[in-house]
Amino acid sequence: MSVRVFGVDGCRTGWVGIVLDGGRVTAVHGVTITDLLEAAGRDSGLACVAVDIPIGLPDTGRRQADVLARKALGPRWQSIFLTPVRPALLTADFAEAVALNRELAGEGLSRQAFALRTKVLEVDALVRDSAVPVVEVHPELSFATMAGGPLAAGKKTWDGAQERRALLARHGIPLPDDLGVAGALAAVDDVLDAAAAAWSASRCAAGLARSLPAPPERFSDDVPCAIWT
């Protein structure tokens, strides 16, 4: 019996996901993460869901997961953004969020990080209510693990996209040319990131993945906080 796992990445139109079921690769799309999980068949025996979004939100300071992941990625460290503190994410006002993050973490907050607020809170709610294990991943770390080191080309470049698709194929995830609705609504790099997340999900399900940090941190939300590869 094959093990079904699911890799998830945010995209401009919502969320895109890759389901791995034995040798079968399927892409799905959803406006919300709940929609996405329904499209993936969340009640059809998913063994693990891996999401490229922070899980475990700090009360103060930085998450060790982010610090260690940046070190591991070397020249591609900028692909890891520092997760805002929970109080900053709970306000809908950017200026207030910046002030709260500066007070509690000692630094401001980028527009890019704040723009992910809705998705971070979606996943935060999902983790507390999911019967399926949900873990945090970072696709660039997943690709670096596949390749034995950080990739040279950026994911939005032609060379970077081709290298990532070839790596996935070598590791048993050949992405089909026709991805249906997901292929029409999600950007190329988002699909590739979701597939890399699915690869890490399969490693988690098999007990082969490692976490940064090990063991995971816990904050006041008591959610295990680590990035898995």
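Predicted, not measured: the structure shown is a model, and the values here were computed from it. (Residues numbered from 1 in each chain as written. Predicted model: local features only at pLDDT ≥ 70, side-chain atom pairs only at ≥ 80, totals over all residues. Heavy atoms only, no water.)

A.B. asks: Outline the overall build of the protein chain, listing residues and values.
C.D. replies: Along the protein chain, the regular secondary structure elements total ten helices and seven strands. In terms of C-alpha radius of gyration, the protein chain reaches 17 Å, essentially the compact-globule figure of 17 Å for 229 residues. Projecting the C-alpha coordinates of the protein chain onto the three principal axes gives extents of approximately 50 × 40 × 35 Å. Every one of the 229 residues in the protein chain was classed for burial, and the buried ones make up 52%. Considering only contacts in the protein chain between residues 6 or more positions apart, those separated by 24 or more positions represent 63%. Entry remark: accessible area of the protein chain is about 10,400 Å², with carbon and sulfur atoms responsible for 53%. Across the protein chain, the centroid of the 23 positively charged side chains sits 4 Å from that of the 27 negatively charged ones. (Helix = DSSP H or I, 4+ residues; strand = E, 2+ residues; numbered from the N terminus. Rg over C-alpha atoms; globule rule 2.2 N^0.38 Å. Buried < 20%, exposed > 50% of the residue type's maximum accessible area, 1.4 Å probe, protein only. Contact = heavy atoms within 4.5 Å. Areas by Shrake-Rupley, 256 points an atom, 1.4 Å probe, with all protein chains shown as cover. Lys, Arg positive; Asp, Glu negative; His and termini not counted. Charge placed at Lys NZ, Arg CZ, Asp CG, Glu CD.)

A.B. asks: Can you break down the side chain of Ser211 residue by residue, with the values?
C.D. replies: The residue Ser211 is located in strand 6 (residues 211-217) in this model. Of note is the side chain of Ser211, whose polar atom sits 2.7 Å from the backbone oxygen of Pro213. With sequence-adjacent residues up to four places away left out, Ser211 is seen in contact with Pro216, Ala226, Ile227 and Trp228. (Polar contact = N/O pair within 3.5 Å; in protein donor to acceptor, adjacent residues only side chain to side chain.)

A.B. asks: Got a sec to walk through the nonpolar core? Specific residues and values, please.
C.D. replies: If you look at the biggest cluster of nonpolar residues, it comprises 31 residues, and the most contacted ones within it are Ile18, Phe143, Leu168, Ile173 and Leu175. For this core, the secondary structure elements donating two or more residues are strand 1 (4-11), strand 2 (14-21), strand 3 (24-30), strand 4 (46-51), helix 7 (139-147), helix 8 (158-170) and helix 10 (188-205). It is helix 10 that contributes the most residues to this core, nine residues altogether. Among all residues touching Ile18, those that are not within four sequence positions of it are Val5, Phe6, Gly7, Val25, Thr26, Ala27, Leu175, Val191, Ala194, Ala195 and Ala198. (Core = buried A, V, L, I, M, F, W, Y, C linked by side-chain atoms within 4.5 Å.)

A.B. asks: So what's going on with the packing of helix 7 against helix 10? Which residues, and what values?
C.D. replies: Contact pair helix 7 / helix 10: the axes reach a minimum separation of 8 Å and the direction vectors enclose 65°. If you check the angle between helix 7 and helix 10, you find them roughly perpendicular. Once helix 7 is placed against helix 10, the crossing between them reads as left-handed. Residues Pro139, Ser142, Phe143, Thr145 and Met146 of helix 7 pack against Leu192, Asp193, Ala196, Trp199, Ser200 and Arg203 of helix 10. (Axes fitted to C-alpha atoms, helices over the stretch in contact; angles between N-to-C directions. Parallel < 35°, antiparallel > 145°, perpendicular 65-115°, else oblique. Left-handed = near helix turned anticlockwise from the far one by under 90°.)

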